[in-house]
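Breakdown of the fold
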Amino acid sequence: MREPRVVSNPLVAPSQVGPLTADPTAFHRTLPGYEPTPLVESPQSARRLGVAAVHVKDESARLGMPSFKVLGASWATYRVLLRHLGSSPEEIPTLDALATRLAGSNLRLCAATDGNHGRAVARMAQLLGLRAIILVPADMVDERIAAIRSEGADVEVVDGGYDDAIARSAALASDDTLVVSDTSWDGYVDPPMWVIDGYSTMIAEIRDQYRDKGLSAPTVVAAQIGVGAFAAAVARGFAEHDGVHLVGVEPTQADCVTASIEAGGVLTIPGPQLSMMAGLNCGTPSIIAWPDVSSGYQTFVTISDEQAADAMRLLAADGVVSGESGAAGLGGLLAHADALGLGPSDSVLVISTEGATDVANYRTIVGAAPAAVTAPAKG
Ligand SMILES: Cc1ncc(COP(=O)(O)O)c(C=O)c1O
């Protein structure tokens, strides 16, 4: 197995990173239960890293779901359906209006997932009165499958890894089966672009929270990477700041972006990827995310499952319930603090992108589960 490593990015060019879009925020505000998620301090992480402060954006409860992914899934679902109807956001401005327009339709939403995105698409289908078919890799834990089914979706377990589930979803696309994917491939680019746009609501919240708390901009921002859509949104939000160090973090077993950076262009690594960080188990970077990811990040690092577990425990000690993929950003900084040159003048931002989406594993790693995770969030 590959050892954890640090790769300095020869392609870095922050001025080439695209801008954030403000479009999805008004839409997200109309969704049931919308409110900004907390930005909290993690003093124990700061002590361990030897930096001035660590701020954590806590995405363990977002729109009634245990991960940030519903921001991208909801906006992309909305845009995919508007396009299908030949309509515009001005004509159908809210989810309720869309549900009314779709009443009686036979449409079905389809997505491949390593957990969180698929559950979020299933939730959107349920809110809109549509059916959903969600494709999952063979190694997905039962709890995550049950969470998707609890949203009323059909789940099909694909023989293979995440990339195989993606291929199966693409094959199912038809006039009444609309694919809402968070990754892109040749000829399929708009929905994953809308997914990245959807994440901008979270980035805008972070920037507002820094301003409202009177904080100066972070000097180091870590983003965990699966296909790179999340990291693209983070780059759009922070790459422009002078002197900021953006660090992309991947599992050693699912290092498709780091390997692509080393190769000088997008490639597919052998699969299936079986890291404990299920949300990051991807074999191919999203081609629509690649330009912002490859130009926005100074450094890419890879980590083992145990290094992610270390970050989960540290965040738990400061009251943040963070799942395996959620804690990976901090895990990358902890594992490689010296090589990254972290020091007392640094102020760090990490985004805990999920809560305890595999409660049994969370209990094994962290010990006694906080009350918040004994019943997985569902709203
Ligand atoms: C909790 C969590 N964090 C981070 C990511 C990474 O996002 P992306 O695949 O856009 O790189 C995922 C992806 O599923 C995820 O579920």
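None of these values were measured; they are calculated from a predicted model.

**Describing the nonpolar core**
Counting residues in hydrophobic clusters, the biggest one holds 115 residues, and the most contacted among them are Leu 109, Val 121, Ile 134 and Ala 235. Counting residues domain by domain, this core receives three or more from each of domain 1 (6-68 + 195-372) and domain 2 (70-181). Contact partners of Leu 109, with chain neighbours within four places excluded, come to Thr 77, Val 121, Met 124, Ala 125, Leu 130, Ala 132, Leu 178 and Val 180.

**Some words on unusual backbone geometry**
Gly 271 connects to Pro 272 through a cis peptide bond whose omega is -5°. Residue position: Pro 272 is located in the loop between helix 10 (256-263) and helix 11 (290-296). For Leu 63, which is not glycine, the phi dihedral falls at a positive 50°. Looking at where Leu 63 falls in the secondary structure, it is placed in the loop between strand 3 (53-58) and helix 3 (70-85). Under the C-beta neighbour-count criterion, Leu 63 is labelled buried, with 22 such atoms within 10 Å.

**Considerations on helix 8 (residues 190-212)**
Every α-helix winds through 3.6 residues per turn, so residues three or four apart in the chain are directed the same way. In this model, helix 8 (23 residues) spans 34 Å end to end at C-alpha, consistent with the 33 Å of a helix rising 1.5 Å per residue. Considering bend angle alone, the principal kink of helix 8 is centred on Thr 201 and spans about 25°. In the stretch just after helix 8, Gly 214 is the one whose phi turns positive, near 70°.

**Brief notes about the confidence of the model for the protein chain**
For the protein chain, the average pLDDT comes to 94, and 97% of its residues sit at 70 or higher. Low pLDDT, under 50, characterises residues 373-379; the predicted model gives this stretch 18 contacts beyond four residues in sequence or across chains.

**Notes on the sheet that holds strand 1 (residues 6-8)**
Taken in spatial order, the seven strands make up an open sheet running 1-10-9-8-11-3-2, and their pairing is mixed. Every other strand in the sheet has two partners, leaving strand 1 and strand 2 (39-41) as the edge strands with one partner each. Between one strand and the next, the sheet's axes are offset by a mean angle of 25°, whatever the strand orientation. Along the sheet, helix 10 contacts strand 1, strand 9 (245-251) and strand 10 (299-303); its crossing angle with strand 10, the most-contacted strand, is approximately 135°.

Conventions we followed
- Residues numbered from 1 in each chain as written.
- Predicted model: local features only at pLDDT ≥ 70, side-chain atom pairs only at ≥ 80, totals over all residues.
- Core = buried A, V, L, I, M, F, W, Y, C linked by C-beta atoms within 7 Å.
- Buried ≥ 20, exposed ≤ 12 C-beta atoms within 10 Å, placed from the backbone.
- Domains from an automatic or database assignment.
- Contact = placed C-beta atoms within 7 Å.
- Helix = DSSP H or I, 4+ residues; strand = E, 2+ residues; numbered from the N terminus.
- Expected span 1.5 Å × (residues − 1).
- Bend = angle between axes of the 7 residues up to and from the residue.
- pLDDT = per-residue confidence, 0-100.
- Pairing = 2+ DSSP bridges.
- Axes fitted to C-alpha atoms, helices over the stretch in contact; angles between N-to-C directions.

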